[in-house]
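# A structural walkthrough
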Amino acid sequence: MEQEILTLLNDPVSLEKLYRSNKSLFKESFLKLSPKIEECSATEFWNARLNYESNAISWGQKNEMLYIAIACLVAGLVAKLPDIISVSPDFFYPRNLGFIIFPVLTAYFAWKNQLSRQTVGFLAGIFSICIIYINLLPNNQESDTLILACIHLPLLLWFLLGFSFIGTKSKRLQSRLEFFKFNGEGIVLCAVLGIAGALLMGMTFGLFELIGINIEPVFEKYLVVFGLPALPVVATFLTQSNPQLVNKVTPIVAKLFSPAVLIMLVIYLLAIVYSGRDPYNDREFLLIFNLLLIGVMALIFFSIAETSNNEKTSFNVWILFLLSCVTILVNGIALSAITFRISEWGFTPNRLAVLAANLLILVHLVLVTYQLSKALRQKVILEDIGITVAKYVPIYFIWACIVVFVFPLVFGFM
């Protein structure tokens with residue numbers, strides 16, 4: 001982004017287009033460059049514009065608002081499909097949960113980033129293949145490969161969303177970090193909107209109960225089905241049109257939660273020893289252990305995406321370094337547990353998937369921890385840590401494709 005700004009500095013129209021393509025990244029990059037380009041006539045104007053704090057909420061242009069309304073309606077209709085076409089919810093939702101949200105968000109960024117017809121056609125083709133494939137898998141509720149495919153398919157669709165979000169800047173690693181930041185901001189805003197919606201529902205239930213009318217069936221049948229899918233769509237729109245809404249909140253979340261999770265994780269490991277529970281012989285405990293690992297890893301990567309844009313964060317880097325070290329320990333325990341279970345009871349699709357996922361995460365964590373240690377010794381800049389995170393992301397995409405498309409065939413849909 002910084003290089004693009006320097007190139008287009010004397011081209012007002014192109015610079016404005018660049019700003020509108022990614023306002024938050026443009027602002028961050030331009031403010032970093034400002035001391036170096038003070039003599040340029042455009043610098044003073046853009047500094048004033050970018051530092052202007054507006055309390056007004058931008059609701060975008062009419063066509064954008066129309067798209068968001070249509071997207072919410074489409075997402076709701078997809079969620080309502082089991083009732084519309086009389087399909088078993090037990091069959092539909094595990095296989096198609098990701099198709100409720102990801103296609104409309106992917107289409108939104110494809111439109112916003114003005115992707116070429118070939119790129120849009122490619123994305124549409126991948127989505128179509130995934131929809132047809134996952135719904136044609138044998139309907140065996142006990143099939144491990146079916147469950148694994150259903151779990152990993154949303155991850156695969158998330159990568160397609162990221163491709164659409166990055167747009168023509170797919171080869172720039174900084175854009176991948178922006179996608180991480182977008183996910184964090186979207187989750188924060190979804191939580192706020194969800195809490196507000198829950199309060200509204202509670203008030204509405206109470207008011208109607210006072211007059212003897214039970215509206216709970218209507219809420220469950222229509223408003224919840226359409227309202228829940230609308231949350232990420234509206235949150236995405238608000239984060240893109242109003243970056244000021246959450247760009248000051250997410251760094252606070254990262255700073256507060258990272259040390260809190262570090263303390264919680266250390267206490268939890270000690271509590272495991274005290275309780276006598278172990279993941280070696282307890283399958284459910286191992287599953288929860290791995291979910292904890294994934295959650296902490298996601299927090300680390302999100303915090304790195306936020307920290308890499310701030311130069312005065314030595315305390316945060318220390319926290320992330322210690323958190324990464326403890327997470328590697330957690331990963332080592334999970335990895336040894338799944339290795340033990342394989343040696344005792346042999347390979348299954350589930351055990352192979354967990355083993356490979358733990359190995360991938362371990363390598364990624366070791367690379368990130370090494371970069372964090374170098375940052376503490378001031379041998380690398382903070383942005384290099386973010387680049388390390390971003391470079392590794394395609395490996396998870398490849399692994400998701402293997403689990404979704406190869407595992408069912410290799411293991412005979414068992």
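Above this note sits the structure.
Cut-off values and rules
Residues numbered from 1 in each chain as written. Predicted model: local features only at pLDDT ≥ 70, side-chain atom pairs only at ≥ 80, totals over all residues. Heavy atoms only, no water. Helix = DSSP H or I, 4+ residues; strand = E, 2+ residues; numbered from the N terminus. Buried < 20%, exposed > 50% of the residue type's maximum accessible area, 1.4 Å probe, protein only. Contact = heavy atoms within 4.5 Å. Areas by Shrake-Rupley, 256 points an atom, 1.4 Å probe, with all protein chains shown as cover. Axes fitted to C-alpha atoms, helices over the stretch in contact; angles between N-to-C directions. Parallel < 35°, antiparallel > 145°, perpendicular 65-115°, else oblique. Left-handed = near helix turned anticlockwise from the far one by under 90°. Nonpolar A, V, L, I, M, F, W, Y, C, P; charged D, E, K, R; others polar. Core = buried A, V, L, I, M, F, W, Y, C linked by side-chain atoms within 4.5 Å. Polar contact = N/O pair within 3.5 Å; in protein donor to acceptor, adjacent residues only side chain to side chain. Expected span 1.5 Å × (residues − 1). Phe/Tyr/Trp six-rings, centres within 6.5 Å; stacked < 30°, edge-to-face > 60°.

Further remarks concern the overall build of the protein. Secondary structure summary: the protein contains 17 helices and 0 strands in total. By residue count, 44% of the 414 residues in the protein fall in the buried class. Long-range pairs, those at least 24 residues apart, make up 76% of the contacts in the protein with a sequence separation of at least 6. Counting every atom, the protein has about 22,000 Å² of accessible surface; 68% of that belongs to carbon and sulfur.

Taken N-terminus to C-terminus, the directions of helix H8 (residues 98-112) and helix H12 (residues 216-241) make an angle of 25°; their axes are 9 Å apart at the nearest point. Comparing the axis directions of H8 and H12 gives the class roughly parallel. Where H8 crosses over H12, the handedness of that crossing is right-handed. Residues Ile100, Ile101, Val104, Leu105, Tyr108, Phe109 and Lys112 of H8 pack against Pro229, Pro232, Val233, Thr236, Phe237 and Gln240 of H12. Residues that form the contact of H8 with H12 fall into these classes: 10 nonpolar, 2 polar and 1 charged.

Grouped together as the largest cluster of nonpolar side chains are 95 residues, with contacts concentrated most on Leu153, Leu157 and Ile304. For this core, the element with the highest residue contribution is helix H10 (residues 144-166), accounting for 13 residues. With residues up to four places along the chain from it excluded, the contact list for Ile304 reads Leu320, Val368, Ile385, Gly386 and Val389. If you look at the next biggest cluster of nonpolar residues, it comprises 13 residues, including Leu15, Phe30, Ala42 and Trp46.

By the element assignment, His364 lies in helix H16 (residues 349-376). By relative accessible area, which is 1% here, His364 ends up buried. For His364, the side chain forms a polar contact with the main-chain oxygen of Val389, separated by 3.4 Å. In this structure His364 touches Phe301, Thr388, Val389, Tyr392 and Tyr396, once residues within four positions along its chain are discounted.

What follows covers the side chain of Ser143. Mapped onto the elements of the fold, Ser143 is located in the loop between helix H9 (117-136) and H10. A polar atom in the side chain of Ser143 sits 3.2 Å from the backbone nitrogen of Leu146. Residues in contact with Ser143, not counting those within four places in the same chain, are Phe413 and Met414.

So, about H8. For H8, which comprises 15 residues, the first-to-last C-alpha distance of 21 Å matches the rise-based estimate of 21 Å (1.5 Å per residue) to within 8%. In terms of burial, H8 is largely enclosed, as 11 of its 15 residues are buried. All of the buried residues in H8 are Gly98, Phe99, Ile100, Ile101, Phe102, Val104, Leu105, Thr106, Tyr108, Phe109 and Ala110. Considering only its buried residues, H8 is in contact with helix H5 (62-79), helix H7 (89-96), H9, H10, helix H11 (173-210) and H12. Just downstream of H8, Gln114 is the residue with a positive phi angle, here 55°.

Turning our eyes to something else, we now look at the packing of aromatic side chains. Inspection of the entire model under this criterion finds 21 aromatic pairs. Summarising the aromatic geometry, the rings of Phe165 and Phe182 are spaced 5.1 Å apart at their centres and angled 20° between planes, so their arrangement reads as stacked. Placement of the pair is Phe165 in helix H10 and Phe182 in helix H11, with a sequence separation of 17 residues. Exposure class is identical for Phe165 and Phe182. Each is buried. Through a chain of ring-to-ring contacts, the aromatic side chains of Tyr67, Tyr108, Phe109, Trp111, Trp158, Phe159, Phe165, Phe179, Phe180, Phe182 and Phe397 assemble into a single cluster.

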